[in-house]
Amino acid sequence: MRPLSSLVVLGALILSPYAATAGAKHDATKPVTAARIVAADKEPQNWLAHGRTYDESRFSPLHSITTDNVNKMGLAWYLDTGTDRGLQATPLVDDGVMYISLSWSIVAAIDARSGKELWRFDPEVPGARGNFACCDVVNRGVALWKDKVYVATLDGRLIALDRTTGKPVWETHTTDPEKAYTITGAPRIAKGKVIIGNGGGEFGVRGYISAYDADSGEMAWRFYTVPGNPDDPVEHPELKDAMKTWAGEWWKYGGGGTAWDSMAYDPDLDILYVGTGNSSPWAKTVRSDGKGDNLFVSSILALKPDSGKLLWHYQTTPGDQWDYTATQHMILTDLKINGKNRKIIMQAPKNGFFYVLDRKTGELLSAKNYAEVSWADGVDMKTGRPIVRAEADYSHAPAIIKPSPLGGHNWQPMSYNPTTGLVYIPANDLPFRYALEPDGFRYDPTNWNTATDQLTATKIIPREIVSGSLLAWDPVKQEERWRVPYQGPFNGGTLSTAGNLVFQGTADGQFLAYDARSGQKLWGTKTQSGIIAAPITYSLDGKQYVAVLAGWGGIWGMLGSDAAAQTKNNNRRVGGRLLVFALDGTESLPPMPEAEAIPDPLPVTATAAVIDQGDALYHLRCARCHGAGVISGGVLPELRHSVMVRDQDAFMQILLDGGLEGRGMPSFKAILKPEDAAAIRDFILKKAWDEKHP
């Protein structure tokens, strides 16, 4: 298996080769069908779909672990994944076998009793493709259907694997490989079709969602979320009306609207729900001459799974210009609202408002802010539109706004407990400075295209002004029931159970259990690495287990600078792990590795002007992976301490000649001149010097 290294590796890497279990087999005795997923509560020992059920509630009826005995829970077993990047996947379990996806879209099948790896599949995503992954080379999970496992890869492929052997059955490319598309989301399967979207909005792509026949891989339909060039025929009729909501020459910049994560399916109504992403570029004055709602960005779409026909849509942020995606987790349930039983869909998207909609018609039933919101005064219930504050328009002057592009809630799944009636949200609280690019927008297909001043905004994000929390939200009363504060944002997804428990991992390396009704902390353990993934629970031989992937990463871990550095373990890094807990578990993790020695900094001879040039270039080209201010959040090696930065020849070979391209570090030769690369190195050396000589 090829090494699983960092996207941008300008540090001395210590790789841990992982021997794949080639040829290993297991028996998948029962095919996964729609009937089994619909009746998932009859086999709660399994976790067959991304949200366990089609409704994506992430609630388990298992109740052997309760508020009374959870304090006896311990580690049953663990598996080193051989990865050193972010792990975001939700494991699936069927018939005693667990299926996980890892960074670089690798898939593994594991004996859920013992932790023994049964097989591993590496799609061999080209390392250079990681340059187009806005938010780490992550993958959020696989799908099971009949006798196959389905994974979507970072470089845009959809692959069906044999469940027994892990061997590919079919493969299709769902995106144009010449464009900056990526896929990090988990496929869903409805009516025998594999549904998958894509990402890449910041790099200037046009969003869409596609359906493929699960048996053959043949494409059944494709729904474009934004219109293309008006001179070309529209791909489907919904785009004719959508085009009226755009202005300017948006198609030259892609338009965005990528469907990069959340979906849900109602088999009774036969409706597929898809969340769409932000506009691209962010700045509406550049993207659409400052006009229009820009359908169907930042929206919930209700589609027919057989044809892709649009039944209704609801746009959470019309004319979005703050990166307020609606790709966040959606949950289907029935609630009694104003004395009437309603079939609803609920979502807490990035923009800070919690939405409850009638999932048959798209009617807005309620919307209240679950996070601190400064861009709008609320949602007008007559029009369904946010009441946007004038100062939130940064086209004339910079504005500091909450939520930030990280969102009041990001992709980390929330869960819903029908017994308590509460939704458990991994919430964030941090501001962001929005402003237009000071020198004007120039489209760059090799980098982010937000048309905003990312350089200033990402220079430093002080930890004193950011936080996160676990929020218990009442979707009927639209009010907070309880909240547990954390020292930082971007914590893991949640799981709720019939044992009256909520489980969540944190960015600072803890796995915790709370009373679902009161929020009282009942149990916790240290995990040696930050957790951003969501846990699951399953049972074997009458014994309940709770499993979670621990592997710090994602956009906050890579970009978040000083605030994300709180997760760093004293300059010590551990790789990804799958952690599985049970009552009276007796396993323990190995000791943390010794702290890496920090070399004495080299003296800096470059002029202040050169260092300023390196500062600007670094934050333009490097910060989104190596951290604002050259402060790693514990994902990639610290550039300030890297021997390869100290060695000028090695630095130039890597940065300009692609010396580590196969490991995820692209060549910047077409973008940077040698003097530019040298200036970046001087800036990094200066940051190392300042660390020792503040």
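In the block above lies the structure referred to throughout.
Residues numbered from 1 in each chain as written. Predicted model: local features only at pLDDT ≥ 70, side-chain atom pairs only at ≥ 80, totals over all residues. Heavy atoms only, no water.

Draft legend 1. Structural detail: the overall build of the chain. A tally of helices and strands in the chain yields 11 helices and 39 strands. In summary, the chain has a C-alpha radius of gyration of 24 Å against a globular reference of 26 Å for 694 residues, a match within 12%. Dimensions of the chain along its principal axes, counting C-alpha atoms only, are 70 × 60 × 50 Å. When contacts within the chain are restricted to residue pairs at least 6 apart in sequence, those whose partners lie at least 24 apart make up 64%. (Helix = DSSP H or I, 4+ residues; strand = E, 2+ residues; numbered from the N terminus. Rg over C-alpha atoms; globule rule 2.2 N^0.38 Å. Contact = heavy atoms within 4.5 Å.)

Draft legend 2. View of the state of the cysteines. Across all of its chains, the model carries one disulfide by this definition. Cys622 forms no disulfide, and the closest cysteine sulfur to it belongs to Cys625, at a distance of 8.5 Å. Assessed through its relative accessible area of 9%, Cys622 is described here as buried. (Disulfide = S-S within 2.5 Å. Buried < 20%, exposed > 50% of the residue type's maximum accessible area, 1.4 Å probe, protein only.)

Draft legend 3. Focus on the sheet that holds strand β32 (residues 479–486). Across the sheet, which stays open at both edges, the four strands sit in the order β28-β29-β31-β32 with antiparallel pairing between neighbours. Sheet topology places β28 (415–417) and β32 at the edges, where each strand pairs with a single neighbour. On average, adjacent strands in this sheet sit at an angle of 25° to one another, irrespective of strand direction. Bridge analysis of β28 against strand β29 (residues 422–429) gives three bridges, and the strand direction is antiparallel. Bridged to Asn417 within β29 is Leu422. (Pairing = 2+ DSSP bridges. Axes fitted to C-alpha atoms, helices over the stretch in contact; angles between N-to-C directions.)

Draft legend 4. Looking closely at unusual backbone geometry. Each neighbour pair has its own omega, and for Leu295 with Phe296 the value is 5°, a cis peptide bond. Along the chain, Phe296 turns up in the loop between α3 (284–288) and β19 (299–303). Not every positive phi belongs to a glycine, and Asp95 is a case in point at roughly 55°. Positionally, Asp95 belongs in the loop between β3 (92–94) and β4 (97–101). Judged by relative accessible area, Asp95 falls into the partly exposed class, the value being 38%.

Draft legend 5. Local environment of helix α7 (residues 608–621). Spanning 14 residues, α7 covers 20 Å between terminal C-alpha atoms, matching the ideal 20 Å at 1.5 Å per step. All of the buried residues along α7 are Ile611, Gly614, Asp615, Leu617, Tyr618, His619 and Arg621. Among the structural elements, α4 (454–457), α8 (623–626) and α11 (674–692) are those in contact with the buried residues of α7. (Expected span 1.5 Å × (residues − 1).)

Draft legend 6. Representation of the packing of aromatic side chains within the structure. Summed over all chains, the structure comprises 30 aromatic pairs. Where Tyr150 meets Trp170, the ring centres are 6.0 Å apart and the plane angle is 55°; that geometry is what we call tilted. Of this pair, Tyr150 sits in strand β8 (residues 148–152) while Trp170 sits in strand β10 (residues 168–173), and the two are 20 residues apart along the sequence. Relative to Phe296, the ring of Phe223 has its centre 5.9 Å away and its plane inclined at 50°; by these criteria the two rings are tilted. With Phe223 in strand β14 (residues 219–224) and Phe296 in the loop between α3 and β19, the pair connects residues that are 73 residues apart, well separated along the chain. We note that Phe223, like Phe296, is buried. Members of the aromatic cluster, each reached through a chain of ring pairs, are Tyr314, Trp322, Tyr324, Phe353, Tyr355 and Trp375. (Phe/Tyr/Trp six-rings, centres within 6.5 Å; stacked < 30°, edge-to-face > 60°.)

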